[in-house]
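# Structural description and commentary
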Amino acid sequence: MANGQWFPEDWPDRIRALADGTLTPVVPRRAATVMLLKDTGAGPVVHMLRRRASMAFAGGAYAYPGGGVDPRDDDHHIRWAGPTRAWWAERLGVDEAGAQAIVCAAVRETYEEAGVLLAGPTPDSVVGDTTGADWEADRAALVARELSFAEFLDRRGLALRSDLLGPWARWITPEFESRRYDTWFFVAALPEGQRTRNASTEADRTVWIRPGDAAAAYDRGELLMMPPTIATLRRLAPHATPAEALAAARTRDLTPVLAQARLVDGEIVLSWPGHDEFTRHVPTGAAPPA
């Protein structure tokens, strides 16, 4: 392959089905993912995981910790610190309940998949070491949805630290995909005293890597990634510290990016507005180019 762009074999057929009206788009689920950064003194590194090859969606691709919104987080009272729900609603382009649920998903999924918790006992503190049998029991209960995030925070006497997150981008899975997500990307810095681990059953490898190095490996075809992942990595690369990236998040454009597929002169043209590097030209009836 020319690079590491993830391109499922069934996409051309699904695009044709969408074009001729035989495929009805699936409503995308709300989701959140977090680009967790750590300062090395020589520039930040980002925490990435490799999805197991057996996964039905994006198997073998590198991504960030993240996942779907838990509907219980729309209406349950969450102990909260940082910018208000109204601020987040305006920034994310949703209502206040939706904003709470999306931010909760970002924090919860980072804890579920990386063992890192952006919460603290006071509005200006963060928990330290989150390892140990009791923490693991709560994490497993969250993963199994036996415990809501609000209940978890209350049990621990913790408030969600929304000020530790920076909204970075929003991407929506193409209409022709069978699994669709409306995903908000956030940036955050690894809290002092905490450390990551591969706590996800969906990943077979985790790495800390410089955004520029990961992007270069993608360009060489060595790391497989979905367009949102490599696009956000490229935007992260110029920032010299996690704090600089968090500051930049305040003014990031969160206009949703949604792929467009067209049939033009006997070929499928697949493009992501504002991201020309991902454009694909696939002859009708042919396999995607290598």
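Our structure is the block above this text.
Residues numbered from 1 in each chain as written. Predicted model: local features only at pLDDT ≥ 70, side-chain atom pairs only at ≥ 80, totals over all residues. Heavy atoms only, no water.

Tallied over the full model, the rule gives 11 aromatic pairs. When the centroid spacing of 5.0 Å and the interplanar angle of 80° are considered together, the rings of W11 and F176 count as edge-to-face. Taken as a pair, W11 in helix α1 (residues 11-19) and F176 in the loop between β8 (165-172) and β9 (181-189) lie far apart in primary sequence, 165 residues in all. Each of the two residues, W11 as well as F176, counts as buried. With 6.3 Å between their ring centres and 90° between their planes, Y64 and F185 make a pair best called edge-to-face. Of the two residues, Y64 sits in the loop between β3 (62-63) and β4 (66-68) while F185 sits in strand β9, which places them 121 residues apart along the sequence. For the pair Y64 and F185, one class covers both residues: buried. One aromatic cluster is present, formed by W11, W171, F176, W272 and F278 through successive ring pairs. When the ring centre of W135 is taken as origin, the NZ or CZ atom of R156, which lies over that ring, is 3.7 Å away. (Phe/Tyr/Trp six-rings, centres within 6.5 Å; stacked < 30°, edge-to-face > 60°. Helix = DSSP H or I, 4+ residues; strand = E, 2+ residues; numbered from the N terminus. Buried < 20%, exposed > 50% of the residue type's maximum accessible area, 1.4 Å probe, protein only. Lys NZ or Arg CZ within 6 Å of the ring centre and 35° of its normal.)

Moving on: the nonpolar core. L92, L117, F149, F152, L160, L165 and F186 are the most contacted members of the largest nonpolar core, which totals 39 residues. Among the elements of the structure, β1 (29-39), α2 (85-92), α3 (96-114), α4 (133-143), α5 (149-156) and β9 are those that each provide at least two residues to this core. The element best represented in this core is α3, accounting for 9 residues. Not counting residues up to four positions away in its chain, the partners in contact with L92 are A99, I102, V103, P167, R170, W184, F186 and L254. Ranked by size, the runner-up nonpolar core spans 38 residues in total, among them F176, Y218, A245 and L270. (Core = buried A, V, L, I, M, F, W, Y, C linked by side-chain atoms within 4.5 Å. Contact = heavy atoms within 4.5 Å.)

What follows concerns the pattern of salt bridges. In a structure, side chains of opposite charge can pair up when their charged atoms sit close to one another. Evaluated as defined, the whole model comprises 18 salt bridges. Here R145 ties to E109 by a salt bridge, and the two come within 3.5 Å at their closest N and O atoms. Taken as a pair, R145 in the loop between α4 and α5 and E109 in helix α3 lie far apart in primary sequence, 36 residues in all. Here R145 falls in the partly exposed class, since its relative accessible area comes to 30%. For E109, a relative accessible area of 5% translates into the label buried. Put simply, R161 and D163 hold a salt bridge, and the shortest N to O gap is 2.8 Å. The class for R161 is buried, based on a relative accessible area of 7%. We classify D163 as partly exposed; its relative accessible area is 35%. When salt bridges that share partners are traced, they join D70, R72, D73, R108, E109, E112 and R145 into one network. (Salt bridge = Lys/Arg side-chain N within 4 Å of Asp/Glu carboxyl O.)

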